[in-house]
Each structure stands twice: as structure tokens, then as C-alpha cells.
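Structural description and commentary
If you want the building blocks of each chain, they are given just below.
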Amino acid sequence: INADLEKRVEQRSAEYYKSEDKYRSLIEHAYDAIYVVDFKGYFTDVNNSMCKMTGYSRDELLHMKVEDIVDPEELKVDPVKHGPRDPDEYAVRERVLLRKDGLLFNAEISVKMFHDDSVLVIARDVTSRKKMENELREAELKFRTIAEKSMVGIYIFQQGKFVYVNPRFAEIFGYEPHELIGTYPVDTIIHQTFRDTVRENVRKRMEEEVGSIHYDAMGLKKDGTVNWVEFYGNRVLIGSDPTIIGTMLDITERKQAEEELRSSEQKYKLLFESNPMPLWMIAKDNMTIIATNEAAARLYGYTRNELINMNVTALRPPDDSERQLA
């Protein structure tokens, strides 16, 4: 019986040491820094990544406390806590740590309390991530500063709704930005006669038939009045979501001016063609007729098509040509 018990103890011991060696190997080769401290804050075990991250050797760290690798300025406002806590307590937070060479860096740490009066900590250098986050915040701040002050409407469209509009965009349609963001479908601000066109242009970009598009449409303001807008938009991916980012101009005044010009041209054309007096227009450089009315055609016995591009001197006696050119 004793021999059998001794054999079992040996087997269990071998399995234990084998398991310990396996986990020790995993810890030593882990990408993250892993260390154990006692309830007074002294390091009792560290892995290779911890040494690389802090610049200290294993022997140096095992004679140090956690406070020795924390930014002194941060310790003044956020000291390290020691002592027993709830064994099931698990915390994740960020700390500014101090390398042996004096370089500060940001680390994300995970803390797990053990029952043997020790604490296991996993730390990861997140300096690059923090830098990217700061750059992203700065870029977003610059975009918002430019967009919020822009006299051009700016919009971001995603999953059938606006996820961002600047104040100018909302103002053009008589809304406040928060009234349009994440609320109404995009065609709410489009007159019903142009909604199919707008939906189709959105579909083409979302399904990658085109990358960008430029078109005019009649808008519908909050108070029910209409205006004319000019859209520019490009398809991009934000995360994995197809997104349209673009600008918009209020071209109502331009459309009105174009309509007034067309109306004026129509009136001029009507007056010119229906005038009982013979009228024609000639090119200054070569004296060819570029426009004429029916009265002039009847007077000279030509059709209007025959008169067009004819030299006007052909309609006067030869001896009158020089006086006509003068």
C-alpha cells in the first residue's frame, strides 16, 4: 500500500512540475508583461516581456516596488493601492509608467488578486495606440471646426440616414442639426418630384456602381417651401459600413437667375420673330447673317434657311457695298 501511495505521489508531483513548467514557459514567452507583487507592492516574479518593457533586469525588478516604475507625477494624484482586496476583484485601467532610461509610456494593466497575499498583473504598452487616439481626436476636432464654420453644407450619410450634418446643411432646409441626425430618411428634405432620382443616386454609390456623383435636385424645407440644391458625394468605408460623405450648395438664386434668363430669351425671341419689320443679326467679323425673322425673308424673297450664313452685302446693290461696310 505504501509503495502504491508513493508511486501515486511521484506521478502527481511529476504532473504538477510538468504543468508548472508549461505555464512558466507560456508566461515567459508571452507578448504582454506579466508580474506578481506582494501586498506591500514588491515584485516577487516578472517575465521577460516585463524586463523589456521597463528596461530593468529581472534581478533589479525583484528588489523594487511597483511605485518605482510609475510616473512620480501620477503617484501624487493617484497613488498605488496595496493590501488585501476581494479575491474575485478584477480591474483594468491605464497607468503612466517610467522606464529605467527615464522615458514615460502609457500602459494598460489588468489586476487579479490571489489568495496567497499576492497580486497578478498583466501590462501592455499602449503608447502607440494612445498616440493614434490623440491624432484621431485632433483630426476629428479639425474636421468639426472646419465643418461647423463652413458656409457649405456638409453631410455624412449611412444606413439610410444622416449620421452627421453641419449647421449650414441644416439651415438650408430650415432645421437644426439634431433634428436631421439619425432621424429622418434622406428623402425627407427632397421634393417628391426628385425623390426617385436621389434614391437611385444613393443606391448607385452604395452598391459601388459609381464612386462619386454630382447632381441638382429640388429640396423641401421644413416649412414646406422648396429650394434648389446641388449635391456632391463620394462613397467611402467607415469601419465596414458603406458611407457617403459629401457637400451641398444652395443654388436657389442661381436657378432663379437661369429661369429669368430663359424667360428673357424667350421674350426676345418672340419679339424678334414676330416683328412685322424685317430684322436680322449679322456677324461683325465676316458680315454673315446669323439670325433673321420671317418679315426679312419675305422682303428679300428668300427662305429663312437661305438667308442664314448669307453675306449681308449680297442683299445690297454693288455700288452700295462700301457705304454699307463703313
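Coordinates for the structure precede this section.
A brief report on the enclosed structure follows. Predicted model, so just to flag it, every value in this text is computed and none were measured.

What follows is about the overall build of the protein chain. Helix and strand counts for the protein chain stand at 12 helices and 12 strands. Buried residues in the protein chain amount to 33% of all 326 residues. Sequence separation of at least 24 residues holds for 34% of the intrachain contacts in the protein chain that already meet a minimum separation of 6. Accessible area for the protein chain stands at about 21,400 Å²; split by element, carbon and sulfur atoms hold 54% of it.

Side-chain direction in a regular strand flips from residue to residue, so the side chains alternate between the two faces of the sheet. Across four bridges, strand 6 (residues 153-158) lies against strand 7 (residues 161-165) in antiparallel orientation. The partner of Ile156 across the bridge, within strand 7, is Tyr164. Once strand 6 ends, the chain turns through two residues before running back antiparallel as strand 7, passing Gln159 with a positive phi of about 50°.

Further remarks concern empty space enclosed by the protein. Inspection of the entire model under this criterion finds one cavity of 30 Å³ or more. When its volume is computed, the largest cavity comes out at roughly 100 Å³. Around the largest cavity, the lining residues are Tyr155, Phe157, Phe162, Val186, Ile189, Ile190, Val198, Val202, Arg205, Tyr215, Phe231 and Ile244. Where the lining of the largest cavity is concerned, the elements lending two or more residues are strand 6 and helix 8 (195-206). Looking at which element gives the most residues to the lining of the largest cavity, the answer is helix 8, with three residues. In the lining of the largest cavity, the residues fall into 11 nonpolar, no polar and one charged.

If you look at the biggest cluster of nonpolar residues, it comprises 25 residues, and the most contacted ones within it are Tyr35, Phe43, Met50 and Leu61. The greatest single-element share of this core, amounting to five residues, is contributed by strand 4 (residues 104-113). The residues contacting Met50, other than those within four sequence positions of it, are Ala33, Ile34, Tyr35, Phe43, Leu61 and Ile69. In terms of nonpolar packing, the next biggest core, distinct from the first, is built from 24 residues, Leu180, Val198, Met218 and Ile244 among them.

Each value, and the rule that gives it
- Residues numbered from 1 in each chain as written.
- Predicted model: local features only at pLDDT ≥ 70, side-chain atom pairs only at ≥ 80, totals over all residues.
- Heavy atoms only, no water.
- Helix = DSSP H or I, 4+ residues; strand = E, 2+ residues; numbered from the N terminus.
- Buried < 20%, exposed > 50% of the residue type's maximum accessible area, 1.4 Å probe, protein only.
- Contact = heavy atoms within 4.5 Å.
- Areas by Shrake-Rupley, 256 points an atom, 1.4 Å probe, with all protein chains shown as cover.
- Pairing = 2+ DSSP bridges.
- 1 Å grid on protein atoms, 1.4 Å probe; cavity = no way out; pocket = protein on both sides within 12 Å on 5 of 7 lines; lining within 4 Å.
- Points joined across faces, edges and corners; volume = space filled by probe spheres on them.
- Nonpolar A, V, L, I, M, F, W, Y, C, P; charged D, E, K, R; others polar.
- Core = buried A, V, L, I, M, F, W, Y, C linked by side-chain atoms within 4.5 Å.

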